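A look at the structure
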Amino acid sequence: MLRSMEPFTEIKVAVLPIGDGTMPLPYYSIFLKHPLRTIPLSSIKPFYTQHPNSPFSHHPWDSASLCFKFCQGYYPYKGYPNPKGPLDDFRAHQKTFAVIGLLHCPSSPDFDAAVDLFFDTCTKAYPYSAVNRCFALCPNDSQLEAGEKKGWNLTFVPDVDRSTFEFHLNTVMNEMAASLLMEFEKWVLQAESSGTILKTEIDSYYRVSPEEVHV
């Protein structure tokens, strides 16, 4: 997943507009106009706790980075086409490992239902997603209170300009990158403990034995 070869190093992140209304373009366009975002490993250190047996300990933390690719998300039960290909389950670089929700609170009078829709969609449409984060944009006081009481994992963002929103986004992306790296670390350690041989797409020209899997 470290940035060295394209496109196999890009981590797919689905971006889901949520709610009854139309997502304000300034928020959504950040992802549409700049679909690739590189996160230096040095910037995620405050959010990252390394496992003692981490397979990533040898990576150059001062120079390496993670590359994320934002993709338009979909709802499996609202008539949206499923962009998933028939072989995506066998190609790690085609899987969606994270989901970002954009909930415009003023356009969502039923706030609880909108939040439930996001988490339900993450479960049903993105089974490989290890990290899901939702931005609740321009909330009112009652929505803030509801989010705190129910313990939803939401990032509340007031009515701010684009640069301020990007600041919030950078913070969340750093935390998301750290969380994903820890999840990948966990998967590798679990696979190694079970005797599974891990192979990447660039090894696909080798003959794959029954105990080998692609990640």
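As the structure is a computational prediction, the values presented were derived from the model and not from experiment. (Residues numbered from 1 in each chain as written. Predicted model: local features only at pLDDT ≥ 70, side-chain atom pairs only at ≥ 80, totals over all residues. Heavy atoms only, no water.)

1. Re the overall build of the chain
We count it as follows: Starting at the N terminus, helices and strands are each numbered in turn, a helix being any DSSP run of H or I of at least four residues and a strand any DSSP run of E of at least two. Each residue is placed in one exposure class: buried if its accessible area under a 1.4 Å probe, protein chains only, is under 20% of its type's maximum, exposed if it is over 50%, and partly exposed if it falls in between. Computed by Shrake-Rupley with a 1.4 Å probe, the accessible areas treat only the displayed protein chains as cover when residues are assessed.
From N to C terminus, the chain includes 4 helices and 8 strands. In the chain, the order of α-helices and β-strands from amino to carboxyl end is β-α-β-β-β-α-β-α-β-α-β-β. Of all 215 residues assigned to the chain, the portion counted as buried reaches 42%. If you sum the accessible surface of the chain, you get close to 11400 Å²; carbon and sulfur atoms cover 54% of it.

2. Regarding the pairing of strand β2 (residues 36-40)
To be explicit about the condition: Any two strands with at least two DSSP-identified bridges between them are counted as paired.
Alternating positions in β2 separate cleanly, Arg-37 and Ile-39 being buried on one face and Leu-36, Thr-38 and Pro-40 remaining unburied on the opposite face. Here β2 runs beside strand β3 (residues 65-72); their pairing, made up of 5 bridges, is antiparallel. When the bridges of β3 are listed, Pro-40 appears paired with Ser-65.

3. Section: the packing of aromatic side chains
Test applied: Only Phe, Tyr and Trp rings take part, Trp by its six-membered ring, and two of them pair if their centres are within 6.5 Å. Stacked means planes under 30 degrees apart, edge-to-face means over 60, and tilted covers everything else.
Applying the stated criterion to the full structure yields 7 aromatic pairs. For the pair Phe-97 and Trp-187, a centre-to-centre distance of 5.8 Å together with 45° between the ring planes defines the contact as tilted. Taken together, the residues span a long stretch of sequence, with Phe-97 in strand β4 (residues 96-104) and Trp-187 in helix α4 (residues 162-193) at a distance of 90 residues. Where Phe-118 meets Phe-119, the ring centres are 5.0 Å apart and the plane angle is 65°; that geometry is what we call edge-to-face.

4. Describing the pairing of strand β6 (residues 154-157)
Inclusion rule: Crossovers are marked right-handed if the path from the first strand over the helix to the second runs clockwise, as seen with the strands pointing away from the viewer.
Inspection of the sheet shows strand β5 (residues 131-137) paired to β6 by 4 bridges, in the parallel sense. Pairing of Ala-136 across the sheet is with Phe-156, part of β6. In this fold, β5 hands off to helix α3 (residues 141-150), which returns the chain to β6; that crossover is right-handed.

5. Quick notes on the sheet that holds β2
Note the cut-off: All axes are obtained by fitting lines to C-alpha atoms, using only the stretch in contact for helices, and the reported angles, taken between N-to-C directions, cover 0 to 180 degrees. For this analysis, residues touch if any pair of their heavy atoms sits within 4.5 Å.
The strand order across the open sheet built from 6 strands is β2-β3-β1-β4-β5-β6, with neighbouring strands paired in mixed fashion. Lying at the two open borders of the sheet, with one neighbouring strand each, are β2 and β6. Ignoring which end each strand starts from, the neighbouring axes of this sheet average 25° apart. Looking at chain direction, β4 and β5 are connected through 7 bridges and run parallel. In the sheet register, Gly-101 faces β5, and the bridge partner there is Cys-134. Along the sheet, helix α2 (residues 111-125) makes contact with β1 (10-18), β4, β5 and β6, crossing β4 at roughly 170°.

6. Some remarks on the confidence of the model for the chain
The predicted coordinates of low-pLDDT regions are not to be read in fine detail. What counts, and what does not: Scored from 0 to 100, pLDDT records how confident the predictor is in each individual residue.
Of all residues in the chain, 73% have pLDDT values of 70 or greater, and the mean over the chain is 76. Segment residues 1-7: pLDDT under 50, and 20 contacts once partners within four positions in sequence are set aside and those in other chains are kept. Considering only residues more than four positions removed or in separate chains, one finds that residues 200-215, a stretch of pLDDT under 50, has 28 contacts.

7. Thoughts on the nonpolar core
Cut-off, in case you're wondering: In this description, a nonpolar core means a group of buried Ala, Val, Leu, Ile, Met, Phe, Trp, Tyr and Cys residues linked to one another through side-chain atoms lying within 4.5 Å.
In terms of nonpolar packing, the biggest core is built from 37 residues, with Phe-31, Phe-68, Ile-100, Phe-135, Phe-165 and Leu-180 touching the most fellow members. Within the residue set of this core, elements represented by two or more residues are β1, α1 (25-33), β3, β4, β5 and α4. Among the elements that take part in this core, α4 stands out by supplying 11 residues, more than any other. Excluding residues that lie within four positions of it along the chain, Phe-165 makes contacts with Tyr-27, Ile-30, Phe-31, Leu-102, Phe-135, Leu-137, Val-157 and Val-160. Judged by nonpolar contacts, the second largest core, of 20 residues, contains Leu-16, Phe-111, Cys-134 and Ala-136.

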